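# Remarks on the overall topology
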Amino acid sequence: MGFLDKIRSGLTKTRAQIQTQLGWIVKGKSLDEAAFDEIEEAVILADSGVEIAGIIVKSLREQWKTGRIKTGEDLKSALVDEIEKILLPVEKPLRPNGTRPFVILTLGVNGVGKTTTIAKLAKIFLDEKKKVLLGACDTFRAAAIEQLEVWGGRLDVDTIKHQHDADPAAVAFDATRAAKARGTDILIIDTAGRLHTKINLMEEMKKIKRVVGKELDSAPHETLLIVDATNGQNAIAQAEKFNEDLSITGIIITKLDGTAKGGFVLPIAHSLKIPIRYVGVGEKMDDLVPFRAREFAEGLVGVEDKG
Ligand SMILES: Nc1nc2c(ncn2[C@@H]2O[C@H](COP(=O)(O)OP(=O)(O)OP(=O)(O)O)[C@@H](O)[C@H]2O)c(=O)[nH]1
Ligand SMILES: [Mg+2]
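Now for a quick tour of the structure. (Residues numbered from 1 in each chain as written. Chains lettered and ligands numbered in written order. Predicted model: local features only at pLDDT ≥ 70, side-chain atom pairs only at ≥ 80, totals over all residues. Heavy atoms only, no water.)

Now for the packing of aromatic side chains. This structure, assessed with the given rule, holds two aromatic pairs. Residues Phe 36 and Trp 64 carry aromatic rings whose centres are separated by 4.9 Å and whose planes lie at 35 degrees to one another, so their mutual orientation is tilted. Of this pair, Phe 36 sits in helix 3 (residues 33-45) while Trp 64 is found in helix 4 (residues 49-65), placing the two residues 28 residues apart along the sequence. On the basis of relative accessibility, which here comes to 0%, the residue Phe 36 falls in the buried class. Trp 64 sits in the partly exposed class, given a relative accessible area of 22%. Taking the centre distance of 5.4 Å and the plane angle of 50 degrees together, the rings of Phe 291 and Phe 296 count as tilted. The residues Phe 291 and Phe 296 share a single accessibility class, namely buried. (Phe/Tyr/Trp six-rings, centres within 6.5 Å; stacked < 30°, edge-to-face > 60°. Helix = DSSP H or I, 4+ residues; strand = E, 2+ residues; numbered from the N terminus. Buried < 20%, exposed > 50% of the residue type's maximum accessible area, 1.4 Å probe, protein only.)

Take a look at the structure:
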C-alpha cells in the first residue's frame with residue numbers, strides 16, 4: 001500500500017462521517033444556502049471546531065457568489081482545496097540535517113502511542129540505512145523499559161537503559177554520550193507520559209532537554225510531541241501546553257484510523273503552526289506515513305467519488 005492509500009485508509013471513519021453529511025450535495029442538485037450550512041456542520045462534526053468551519057465556509061460561499069462554484073462537485077473539490085490551504089503550512093517533513101547524532105526527544109501524555117511510534121520511526125530511519133539508538137527514559141512505568149527493548153530487539157537496534165525508577169535525565173545523558181561514542185546517526189529518546197497537568201512531568205522533561213543539550217550542542221534537534229487523534233480537541237490542549245513549556249518542533253498524530261474526528265488536525269495546524277511530521281494509521285510497524293496536506297485533505301473528503 002502506498003502512502004496515499006494508507007492515509008485514505010487511516011481516514012476512513014472520518015471520511016465516512018463527512019460523506020454521510022454531504023451525500024446529497026454532491027449528487028448533482030443545484031446549490032443553495034443550505035448546502036453551505038451542511039458543509040459547516042460536517043466540518044464541525046469532524047472536530048475541526050467552529051472557527052475553522054467558519055473560515056472554510058466563508059470562502060466557499062464567496063466562490064459560489066462569484067460563480068466559481070456551480071455544482072455539488074465543484075463544491076466538494078473546493079472544500080478539498082480549502083482544507084489543503086489550512087494544512088499546507090505545517091507540511092514540513094522531518095529531515096535530519098546531517099548532525100550526528102541527530103537527537104529526537106519524544107513527548108506526550110500516557111497511552112498516546114509514543115513507544116510504538118518510536119519503533120515505527122526507527123524502522124523508517126533503518127530503511128534509510130541510518131544507525132539508530134534508543135534511549136529508555138520512561139523509567140516511571142514498570143514495563144516501559146522492557147517494551148522499548150522488545151521493539152529494539154525486533155529491529156536489531158540497541159537500547160540504552162537504567163533501572164526502573166532511575167533519573168530519566170541520567171538515562172538521557174548516557175544515551176546521548178553512547179550515541180556520540182558509537183557514531184549513531186539517530187538517537188530516539190522515549191519518555192514517560194504521566195498527565196501533563198502535573199508540574200513535575202514538565203519539569204522532568206525540561207531537565208532531560210537541558211542535560212541532553214549540555215552533552216551535545218543544539219540537542220535535542222527535534223522535540224517531537226505525539227498526540228492521539230482519538231482525543232480530538234483534548235489533543236489540541238495538550239499540544240498547546242507542551243509547546244508552552246517545552247518548545248515543540250514537530251508533531252506526530254497517532255491512531256487516525258481509530259476516530260471519526262480526524263478533522264481536529266485542522267485547528268492544530270491553524271493555531272499552533274508546528275510542523276506535523278507523520279501520522280499513525282494503524283498498529284503495524286509500517287503504519288506511519290509522512291504528513292501531506294493534499295493527500296490528507298483528499299482523504300478527509302474523498303475525491304474519488306463522483307457522487
Ligand atoms: N490503531 C492504532 N493504534 C496505535 C497507533 N499508534 C499506537 N497505537 C496503539 O496505542 C497503544 C499505546 O501505545 P504505546 O506506544 O504503548 O503508547 P505510549 O504513549 O508509549 O504509552 P505510555 O508509555 O504508557 O505512556 C498500543 O496498543 C499501540 O499499538 C496507531 O496509529 N493506530
Ligand atoms: Mg511508552
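Let us now look at the site of ligand 1. Inspection of the region around ligand 1 gives 17 residues, with Lys 114, Thr 115, Thr 116, Asp 257 and Glu 283 positioned closest. One of the side-chain nitrogen or oxygen atoms of Thr 116 is found 2.4 Å away from an oxygen atom of ligand 1. One of the side-chain nitrogen or oxygen atoms of Arg 141 is found 3.0 Å away from an oxygen atom of ligand 1. In isolation ligand 1 offers 660 Å² of accessible surface; the protein chains occlude 81% of this area. Ranked by the residues each element gives to the shell around ligand 1, the list is headed by helix 6 (residues 114-127), at four residues. Along the lines of polarity and charge, the residues of the shell around ligand 1 split into two nonpolar, eight polar and seven charged. (Near = heavy atom within 4 Å. Polar contact = N/O pair within 3.5 Å; in protein donor to acceptor, adjacent residues only side chain to side chain. Areas by Shrake-Rupley, 256 points an atom, 1.4 Å probe, with all protein chains shown as cover. Nonpolar A, V, L, I, M, F, W, Y, C, P; charged D, E, K, R; others polar.)

As a further point, take helix 7 (residues 144-155). For helix 7, with 12 residues, the first-to-last C-alpha span of 17 Å sits near the 16 Å given by 1.5 Å per residue. Buried within helix 7 we find Ala 144, Ile 145, Leu 148, Trp 151, Gly 152 and Leu 155. Buried positions in helix 7, seen along its axis, are confined to an arc of 130 degrees and lie on one side of it. For helix 7, exposure combined with an orientation more than 90 degrees from the buried face picks out Glu 146, Gly 153 and Arg 154. In this structure, the buried residues of helix 7 make contact with helix 6, strand 2 (132-137), strand 3 (158-160) and strand 4 (186-191). Asp 156 lies just past helix 7 and shows a positive phi near 60 degrees. (Expected span 1.5 Å × (residues − 1). Arc of directions from axis to C-beta. Contact = heavy atoms within 4.5 Å.)

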